[in-house]
Amino acid sequence: MNTQTIAPPGQARAALDDAHVGDIRGALGTIAVGDVAPRRRLSRRLKTLLAILGPGLIVMVGDNDAGAFGTYTQAGQNYGTHLLWTLLLLIPVLYVNQEMVVRLGVVTGVGHARLILERFGKFWGAFSVIDLFLLNALTLVTEFIGVSLACSYLGLPKVPTVIVAAALIVGAAATGSFRRFERLCLALVVGSLLLIPVYLMAHPPIGQMAHDFVVPGMPPGSELSSVMLLIIAIVGTTVAPWQLFFQQSYVIDKRITPRFMGYEKTDLIIGIVIVIVGAAAMMGFSAAAFEGTSAFGHFTDAGGTAAGLGKYVSHTAGTLFAIALLDASIIGAAAVGLSTAYATSDVLDVNHSLHRKVTQAKGFYACFAGLIAVATALVLLPGVPLGTLTSGVQTLAGVLLPSASVFLLLLCNDKAVLGPWVNGAKTNVFTGIVVWVLVLLSVILTASVLFPHLGGGAIIGVLAGGAALGAALGAGLLAQGTRRRRARRREEVYGALLGDEPPAAPAEPRGDRATWRMPPLELLERPVMSIQRKLGLLTLRAYLVLAVGLVVVKLVTVGLG
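What you see is a predicted model; the values in this text were computed from it and never measured.

Asker: What exactly am I supposed to notice about the overall build of the protein chain here?
Answerer: Per the secondary structure count, the protein chain includes 21 helices and 2 strands. Burial status across the protein chain gives 55% buried among its 561 residues. Counting contacts in the protein chain only where the partners sit at least 6 residues apart, residues at least 24 apart contribute 83% of the total. About 23500 Å² of surface is accessible on the protein chain, with carbon and sulfur atoms providing 67% of the total.

Rendered as structure tokens:
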């Protein structure tokens, strides 16, 4: 049974699971729960960073999973390095999104799914969890597709190796030792660096890559709908909804408090550097390996990429890529599976922590193991279109991302939840722009599915019209906020002139930001959702249902040739 922990001032007050309170026992160090000493020496700061290191690295390297291997190498094999610029644009999106969930996690002590459920009600909470559960289940299938493709290239028997990989993932999480699990994940993070020697072996054109990284452009002579499908897949695999749920729950499980927020942000930045370097390397070496060959423009799956590297670069390059694919699939499956198990346990209010043994958190581990088992079984079925399914899941993630980002933005502006840690104006403006751009991308995808021969002029028209509409909506929201602030000031001035008592202002959180934590959830009054906000969310939901349906139609069409 979960317990709502009420700790002394300066300590966690909102943890839903008492296993989330105590010493930080990271893979590379420990920080005692009462350790509030300043870190003035560089050696002391480095030791603290090593103890905190983990959540940002794992979520980012887990992001470069089997689906990412397929998506990035597809971009390189089919279009060269022309789509590298998408990675540059996604760097700030990655940081802002994940920084917001880090804040939510360390300040609230409550998982993402539980916060949505408690602050917006069962209707929207159910939507968010159902979306996550279905998308994560499909994503897990792609992770084990990656395992099977790597095994095939390395000459390992498919069925036993996939089963062993699944058992390893479940066993690592179910030891009852958070530190042991994190150490395994950090070992897999080191394994992801195998992509760098593959890049060096392929000798991609560095000058061309540098140009394409900073200068946006579309591949010449390509079919627009297919390129848009791939761009949204790149967005979906780089900034996936599961990352939001996983990192928030994982920083809570690691017992990180606001005092160490800066160290966790550094951990996140290191992870982002690794994920972008890996993604760029995959686009670069797959472009270099396949350019000028009969396979250029004819991507099949990540297994085909390994075979191509072995044929056109060297056998060693193909082997290293396959090992890196296996490594990425395992860490991806662990992170995605835990994301789902954390969210499900949050909503069902059952014990959920890697600090607990299986007997102490049966529902949490059953959900995790069950998802891994189902994904493993589906991959072992014959006739599954591996490449199409892998790219399709990433595209669906990109389409569903605006919905997840909207709830994230609303939670990070909830003063009852974050107190002095709420978003600033710049973060809100940037995140609002990101959400709108993601919606526009899905609109273009929808249009390209309905009208396969849609030209570049029409695309520019959609983008221009969408930008104008977004600017108008933004100006309207800013004007509305300004009117409300002026109305409040007028009421205060008139009240003072008439000798009336000014209206009581909402109580602002006091104390140091480093020690402020969200009060227990049952003490918070649920916010009233305006009609305008409800209509906006319902409109977004209805459109995304339509967009998802059209993506499925497009994927079926591609799968059938």
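This is not the end of the story, as more comes after the structure.
Asker: Quick question: what am I supposed to make of the nonpolar core here?
Answerer: Nonpolar side chains in soluble globular proteins tend to be buried together. The biggest cluster of nonpolar side chains holds 164 residues, and the ones touching the most others in it are Leu83, Leu87, Phe144, Phe181, Ile234, Phe285 and Leu354. Among the elements that line this core, the one with the most residues is helix H15 (residues 315-348), at 17 residues. If we skip the residues at most four places from it in the chain, Leu83 touches Ala75, Gly217, Pro219, Val227, Leu230, Ile231, Ile234 and Met283.

Asker: Any chance you could explain unusual backbone geometry here in plain terms?
Answerer: Leaving glycine aside, a negative phi is the common case for residues, and trans is the common case for peptide bonds. In this structure, His203 takes a positive phi of about 50° despite not being glycine. Topologically, His203 is positioned in the loop between helix H9 (195-202) and helix H10 (206-214). Phi is positive for Asp349, close to 60°, though the residue is something other than glycine. Note on placement: Asp349 falls in the loop between H15 and helix H16 (362-379).

Asker: Can you walk me through the confidence of the model for the protein chain in this structure?
Answerer: Note: predicted coordinates in regions of low pLDDT should not be interpreted at a detailed level. Model confidence for the protein chain is summarised by a mean pLDDT of 83, while 86% of its residues fall at 70 or above. For the protein chain, helix H20 (residues 456-497) is the element with the lowest average pLDDT, namely 69, and H9 is the one with the highest, namely 95. Ignoring residues within four places in sequence, the model shows residues 503-511, a span with pLDDT below 50, making 5 contacts including any to other chains.

Asker: Honestly, the pattern of salt bridges in this entry has me stumped. Any pointers?
Answerer: Pairing is possible between side chains that carry opposite charge, provided their charged atoms lie close to one another. Evaluated as defined, the whole model comprises 9 salt bridges. With a closest N to O distance of 3.1 Å, Arg44 and Asp35 form a salt bridge. For Arg44, a relative accessible area of 32% corresponds to the partly exposed category. With its nearest N and O atoms 3.6 Å apart, the salt bridge here joins Arg114 to Asp349.

Asker: Help me understand the packing of helix H7 (residues 158-173) against H16 in this model?
Answerer: Each pair of packed helices gets described by two things: the angle between the helix axes and the distance between those axes. It is at 10 Å that the axes of H7 and H16 come closest, and there the two elements cross at 170°. Comparing their axes, H16 and H7 come out roughly antiparallel. Like other packed secondary-structure pairs, H7 and H16 cross with a definite hand, here right-handed. Between H7 and H16, the residues in contact are Lys158, Val162, Ala166, Ile169, Val170 and Ala173 and Tyr365, Phe368, Ala369, Ile372, Thr376 and Val379, respectively. The residue makeup of the contact of H7 with H16, split by class, is 10 nonpolar, 1 polar and 1 charged.

Asker: Looking at this model, I keep getting lost on the side chain of Ser249. Mind explaining?
Answerer: Among the structural elements, Ser249 can be located in helix H12 (residues 241-253). Discounting chain neighbours no more than four positions away, the residues touching Ser249 are Gly111, Tyr342 and Asp346.

Asker: Can you help me understand H16 in this one?
Answerer: Note on helix geometry: an α-helix contains 3.6 residues per turn, so any two residues three or four positions apart are oriented the same way. Spanning 18 residues, H16 covers 26 Å between terminal C-alpha atoms, matching the ideal 26 Å at 1.5 Å per step. If you check which residues of H16 are buried, you get Phe364, Tyr365, Cys367, Phe368, Leu371, Ile372, Ala375, Thr376 and Val379. Projected down its long axis, H16 shows its buried positions confined to an angular sector of 160°, all on one face. Residues of H16 that are exposed and angled more than 90 degrees away from the buried face: Lys362 and Val374. The secondary structure elements touched by the buried residues of H16 are helix H6 (122-154), H7 and H15.

Asker: Help me understand the packing of aromatic side chains in this model?
Answerer: Centre-to-centre distance and the angle between the planes together describe a pair of aromatic rings. For the structure shown, the criterion picks out 10 aromatic pairs. Between Tyr342 and Phe364 the ring centres are 5.3 Å apart and the planes differ by 35°, which places this aromatic pair in the tilted class. Of this pair, Tyr342 sits in helix H15 while Phe364 sits in helix H16; the two residues are 22 residues apart in sequence, bridging distant segments of the chain. When sorted by exposure, Tyr342 lands in the same class as Phe364, which is buried. Three or more aromatic residues joined by ring pairs make a cluster, and in this case those are Phe178, Trp242, Phe246 and Tyr250. One Lys or Arg, Arg513, reaches over the ring of Trp421 and ends 3.8 Å from the middle of that ring.

Asker: Mind showing me how you'd approach a nonpolar patch on the surface here?
Answerer: A cluster of nonpolar residues, Val190, Leu193, Ile196, Leu200, Ile269, Val273 and Val277, forms a patch on the protein surface that exposes about 600 Å² of accessible area. Sorting the residues of the nonpolar patch by element identifies H9 and helix H13 (261-290) as the ones contributing at least two each. In terms of residues, the nonpolar patch owes the most to one element, H13, which gives 3 residues. Tracing the sequence through the fold places Val273 in helix H13.

Asker: I would appreciate a short explanation of the side chain of Ser339 in the present structure.
Answerer: You can see Ser339 is positioned in helix H15. Residue classification places Ser339 among the buried positions, given a relative accessible area of 0%. Here Trp242 takes part through its backbone oxygen, which lies 3.2 Å from a polar atom of the side chain of Ser339.

Asker: I tried to follow the environment of Asn428 on my own but got confused; where do I start?
Answerer: Checked against the element boundaries, Asn428 lands in helix H19 (residues 425-450). Residue Asn428 is classed as partly exposed on the basis of its relative accessible area, which comes to 22%. Separated by 15 residues in the primary sequence, Asn428 and Asn413 place their C-alpha atoms 8.4 Å from one another. The contacts of Asn428, once residues within four sequence positions are left out, are Leu409, Asn413 and Asn423. Side-chain polar atoms of Asn428 contact the side chain of Asn423, separated by 3.0 Å.

Cut-offs and rules
Residues numbered from 1 in each chain as written. Predicted model: local features only at pLDDT ≥ 70, side-chain atom pairs only at ≥ 80, totals over all residues. Heavy atoms only, no water. Helix = DSSP H or I, 4+ residues; strand = E, 2+ residues; numbered from the N terminus. Buried < 20%, exposed > 50% of the residue type's maximum accessible area, 1.4 Å probe, protein only. Contact = heavy atoms within 4.5 Å. Areas by Shrake-Rupley, 256 points an atom, 1.4 Å probe, with all protein chains shown as cover. Core = buried A, V, L, I, M, F, W, Y, C linked by side-chain atoms within 4.5 Å. pLDDT = per-residue confidence, 0-100. Salt bridge = Lys/Arg side-chain N within 4 Å of Asp/Glu carboxyl O. Axes fitted to C-alpha atoms, helices over the stretch in contact; angles between N-to-C directions. Parallel < 35°, antiparallel > 145°, perpendicular 65-115°, else oblique. Left-handed = near helix turned anticlockwise from the far one by under 90°. Nonpolar A, V, L, I, M, F, W, Y, C, P; charged D, E, K, R; others polar. Expected span 1.5 Å × (residues − 1). Arc of directions from axis to C-beta. Phe/Tyr/Trp six-rings, centres within 6.5 Å; stacked < 30°, edge-to-face > 60°. Lys NZ or Arg CZ within 6 Å of the ring centre and 35° of its normal. Patch = residues over 30% accessible without salt bridge, like charges linked within 9 Å, V, L, I, M, F, W, Y side chains within 5 Å. Polar contact = N/O pair within 3.5 Å; in protein donor to acceptor, adjacent residues only side chain to side chain.

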